[in-house]
Amino acid sequence: MITLPVQKGRVSCPGGRDEPLEKCRFCVHSSRFVIVNREIESPARAFCQMSRATTSVDLSRVTGVVCDDSRGEGYRSILNVIS
């Protein structure tokens, strides 16, 4: 897993695309959000793991996204997984 830095509300995905941070809430690759040296589980990951419980993520304070996209696939919506 890698931690992707957030700059001006955007994240450079391993797939080479620059995406808005808001998309990470719905990406199957986002594992956790980093806020002041604390990691909060991603809502997408919580859903994928059937835990269905996570704390609210204040995206304005996020400085990094822990991502498990080892193949460079880039953003993939959780909606494609659950549909």
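Note that residues are indexed from 1 along each chain, following the sequence as it is written. In keeping with the model being predicted, local features are shown solely for residues with a pLDDT of at least 70 and side-chain atom pairs are shown and tallied solely at 80 or more, while totals for entire chains, interfaces and linings include all residues. Side-chain descriptors were evaluated using all non-hydrogen atoms of the structure, hydrogens and water having been removed beforehand.

Mapped onto the fold, Ser31 is located in strand β4 (residues 30–35). Within the structure, Ser31 has its side chain in polar contact with the side chain of Arg32 (distance 3.0 Å). Helical segments are the DSSP runs of H or I of at least four residues, strand segments are the runs of E of at least two, and each set is numbered from the N terminus. Throughout this description, a polar contact denotes any pair of N or O atoms lying within 3.5 Å of each other; where both atoms belong to protein, one of them has to be capable of donating a hydrogen while the other can accept it, and for residues adjacent in sequence the pair is counted only when both atoms sit in side chains.

Below, the discussion takes up the pattern of salt bridges. Between Lys or Arg on one side and Asp or Glu on the other, a salt bridge is scored when a side-chain nitrogen of the former is within 4 Å of a carboxyl oxygen of the latter. Summed over all chains, the structure comprises five salt bridges. With a shortest N-O distance of 3.1 Å, Lys23 and Glu19 are connected by a salt bridge. Note that Glu39 and Arg32 form a salt bridge whose closest N and O atoms lie 2.4 Å from each other. The exposure class of Arg32 is partly exposed, given its relative accessible area of 27%. If you follow the salt bridges from partner to partner, you end up with Arg17, Glu19 and Lys23 in one network. For the exposure calls, accessible area comes from a 1.4 Å probe over protein chains only, and a residue counts as buried if that area is under 20% of its type's maximum, exposed if over 50%, partly exposed in between.

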